[in-house]
Amino acid sequence: MTNSDLAAVVAAVRERIDPDEAERRALADAAAALESRVYDALADLPVDADALQVGSTARGTWLSGDRDIDLFVRFPADLDREELEAYGLEVGHAVLPDGHEEYAEHPYVKGDYDGFDVDLVPCYDVPSASDIRSAVDRTPFHNAYLTERLDDDLAADVRVFKRFLKGIDAYGSDLRTEGFSGYLAELLVVGHGGFEPLLRAAADWSPQVEFDPEDHGTRSFSDPLVVIDPTDSERNVAAVCSAENVARLQHYARDLLSDPRESLFFRPDPRALDADGVRDHLDRRGTTAVAVVFDCPDLVDDQLYPQLRKSLTGVADGLDRRGFDVFRRATFADTDGEGQGEAVLFAELSVAERPTVERHEGPPVHVRQHAEGFYGAYEDGDDHYGPFLDGDRYVVEREREFTTATGFLESDALFDVALGKHVESTLREDGYDVLVSGDVAALAESFGAELGRYFAPRP
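Here the structure is a predicted model, which means the values were calculated and not measured. (Residues numbered from 1 in each chain as written. Predicted model: local features only at pLDDT ≥ 70, side-chain atom pairs only at ≥ 80, totals over all residues. Heavy atoms only, no water.)

(A) Quick peek at unusual backbone geometry. Omega for the peptide link from Pro-207 to Gln-208 comes to 10 degrees, which places this bond in the cis form. By secondary structure assignment, the location of Gln-208 is in the loop between helix H8 (195-203) and strand S6 (209-211). Residue Pro-387 is reached from Gly-386 by a cis peptide bond, and omega for that bond is 10 degrees. Even without being a glycine, Asp-169 presents a positive backbone phi close to 65 degrees. Positioned with a positive phi, Asp-215 is a non-glycine residue whose angle comes to about 50 degrees. Mapped onto the elements of the fold, Asp-215 is located in the loop between S6 and strand S7 (225-227). Look at Asp-215 and you get exposed, because its relative accessible area is 68%. (Helix = DSSP H or I, 4+ residues; strand = E, 2+ residues; numbered from the N terminus. Buried < 20%, exposed > 50% of the residue type's maximum accessible area, 1.4 Å probe, protein only.)

Rendered as structure tokens:
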């Protein structure tokens, strides 16, 4: 690979992702009109405040087709929280009369203006990021830091990097994706001086990877990627980024450098599977699939997915401890971001059925106190074999609690594993279904795309 090969690919990608002049003008006109509306609304309030456009569309790092405008309204730092929220919503509804309220750390208004998705967010106008009263108060400082350092070339490289992250399924700081945020992508490109230098560095990363652009970090972190926020010495911008997504960036950085091609930036999703396709894969693999299917708890995605992952880990550990040998696992949910729909804890098992008896080893005979306790516990009774000696230790063969994975999943023992709080209450109160073997093919109706990705895994 030569530099010119990669440069040619990057140029071709930019032809597809760079906003054209008409798109830029339309966005600038919409942002200016919205800002004017904000100041009209602020004129009726008994406080001094201002408006600030932030985010990728403010910094020129947005991709063609993105339709997001983020406007922050900065209120005096001595305003109490209730007044901030009330004034923020009043301005938001005045600017976006058809908008609706959403909630981050505090409520804000989201709506549509001239085809653009608009977030109008109140925050405190604090002197520095270390003085924040609300998490969103950092955002204007992020904006100022990057605006000062981004030129046209770096902004173009940020767009290319964002498209690359989207192509490899690693873009997004939501807790469903656990990937790279836009702010993190910008910091990495700026810090490395461009897209290609970042690729070459990432290809050789050895986690834990640490960057501190302002050399001011005051905390240590255990995350695989640590990027100290240049506006906050105690914050890791990459905290949400999973080890898997860090490894994914490394893999595809090497791949792109060794074989530059546009297709890595625009990869299609694997083909969705129908029920027959699911059954064909399971027959070919010779595994037994099990699925716990239930109604989603009423949670937004950033609350739901951590609970689903915790629950999946708990269920898989429970299956493993009982000898059913989890081969691979995944969790799916068909929500609209509001926690409505079905959720699935899915696992493939190497072992579907176990013998009626299981071996239970006791301590070596020479460990007298424990050995005598073990022997005494099993000395009487006809519901087990032994105790007998195998080498220097006592052993019994006792009846197994569950001979099938289904038996375990359908029993109250399922609630002895570590489940997410709201997942557990949903399973207890609303019930759930257990699908086994070919029956899991029915999931293809709602989760054909997810099952397609599961059975066509890629880095």
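(B) Examining the nonpolar core more closely. Of all hydrophobic cores here, the largest spans 45 residues; its most connected members are Phe-161, Phe-164, Phe-180, Phe-195, Leu-225 and Leu-249. If you list the elements that add at least two residues to this core, you get helix H1 (3-17), helix H5 (139-149), helix H6 (152-167), helix H7 (182-192), H8, S7 and helix H9 (243-258). Per element, the largest residue contribution to this core is 7 residues, and it comes from H7. Once residues lying within four places of it in the same chain are set aside, the contact partners of Phe-161 are Ala-185, Leu-188, Val-189, Phe-195, Leu-198 and Leu-249. (Core = buried A, V, L, I, M, F, W, Y, C linked by side-chain atoms within 4.5 Å. Contact = heavy atoms within 4.5 Å.)

(C) Structural context of the packing of helix H10 (residues 275-285) against helix H15 (residues 444-455). Packing of H10 against H15 leaves a shortest axis separation of 9 Å and a crossing angle of 40 degrees. Between H10 and H15, the angle is such that the two are oblique. Crossing angle aside, the handedness with which H10 passes H15 is left-handed. Note on element contacts: H15 touches H10 through Ala-444, Leu-451 and Phe-455, opposite Ala-275, Val-278, His-281, Leu-282 and Arg-285. Tallied by class, residues from the contact of H10 with H15 come to 6 nonpolar, 1 polar and 1 charged. (Axes fitted to C-alpha atoms, helices over the stretch in contact; angles between N-to-C directions. Parallel < 35°, antiparallel > 145°, perpendicular 65-115°, else oblique. Left-handed = near helix turned anticlockwise from the far one by under 90°. Nonpolar A, V, L, I, M, F, W, Y, C, P; charged D, E, K, R; others polar.)

(D) Up close: the side chain of Thr-231. Positionally, Thr-231 belongs in the loop between S7 and H9. Its relative accessible area of 16% is what places Thr-231 among the buried residues. The residues contacting Thr-231, other than those within four sequence positions of it, are Ala-129, Ser-130, Phe-141, His-142, Tyr-145, Tyr-183 and His-216.

(E) Seen up close, the packing of aromatic side chains. Applying the stated criterion to the full structure yields 14 aromatic pairs. Look at Phe-332 and Phe-346: their rings are 5.9 Å apart centre to centre, the planes differ by 35 degrees, and that puts the pair in the tilted class. Of this pair, Phe-332 sits in strand S9 (residues 326-333) while Phe-346 is found in strand S10 (residues 342-349), placing the two residues 14 residues apart along the sequence. Its relative accessible area of 5% is what places Phe-332 among the buried residues. Members of the aromatic cluster, joined through ring pairs, are Phe-332, Phe-346, Phe-447, Tyr-454 and Phe-455. (Phe/Tyr/Trp six-rings, centres within 6.5 Å; stacked < 30°, edge-to-face > 60°.)

(F) Looking closely at a negative patch on the surface. A cluster of like negative charges, contributed by Asp-29, Asp-68, Asp-98, Asp-112, Asp-114 and Asp-117, occupies part of the molecular surface. Structurally, the position occupied by Asp-112 is in strand S4 (residues 107-113). (Patch = residues over 30% accessible without salt bridge, like charges linked within 9 Å, V, L, I, M, F, W, Y side chains within 5 Å. Areas by Shrake-Rupley, 256 points an atom, 1.4 Å probe, with all protein chains shown as cover. Salt bridge = Lys/Arg side-chain N within 4 Å of Asp/Glu carboxyl O. Lys, Arg positive; Asp, Glu negative; His and termini not counted. Charge placed at Lys NZ, Arg CZ, Asp CG, Glu CD.)

(G) Molecular detail of empty space enclosed by the protein. Following the criterion strictly, the structure yields 1 cavity of 30 Å³ or more and no others. Computed from the structure, the largest cavity encloses a volume of approximately 30 Å³. Lining the largest cavity, in full, are Val-290, Ala-291, Val-292, Val-315, Leu-319, Leu-345, Phe-346, Ala-347 and Leu-409. Of the residues in the lining of the largest cavity, the class split is 9 nonpolar, no polar and no charged. (1 Å grid on protein atoms, 1.4 Å probe; cavity = no way out; pocket = protein on both sides within 12 Å on 5 of 7 lines; lining within 4 Å. Points joined across faces, edges and corners; volume = space filled by probe spheres on them.)

(H) Structural view of the sheet that holds strand S2 (residues 68-76). Sheet architecture is open: 5 strands sit in the order S1-S2-S5-S4-S3, paired in mixed fashion. Looking at which strands have only one partner, the edges of the open sheet turn out to be strand S1 (50-54) and strand S3 (100-103). Averaged over all neighbouring strand pairs, the angle between strand axes comes to 30 degrees, with direction disregarded. Note that S2 and strand S5 (residues 116-125) share 9 bridges and pair parallel. Within S5, the residue paired with Ile-69 across the bridge is Val-118. Here helix H2 (residues 21-42) sits on the sheet and contacts S1, S2, S4 and S5; the angle it forms with S2, its principal contact strand, is near 25 degrees. Contacts from helix H4 (residues 81-95) reach S2, S3, S4 and S5, with the element oriented near 155 degrees to S5. (Pairing = 2+ DSSP bridges.)

(I) Spatial organisation of the layout of surface pockets. Approximately 1,200 Å³ is the volume attributed to the second largest pocket. Along the walls of the second largest pocket sit 32 residues, with Arg-176, Glu-244, Arg-248, Arg-309 and Arg-453 positioned nearest its centre. At the level of elements, H9, helix H11 (301-321), S9 and H15 are the ones that each hand at least two residues to the lining of the second largest pocket. Tallying contributions element by element places S9 first for the lining of the second largest pocket, with 6 residues. In terms of residue class, the lining of the second largest pocket is made up of 13 nonpolar, 5 polar and 14 charged.

By themselves, these are just geometric observations and shouldn't be taken as functional.
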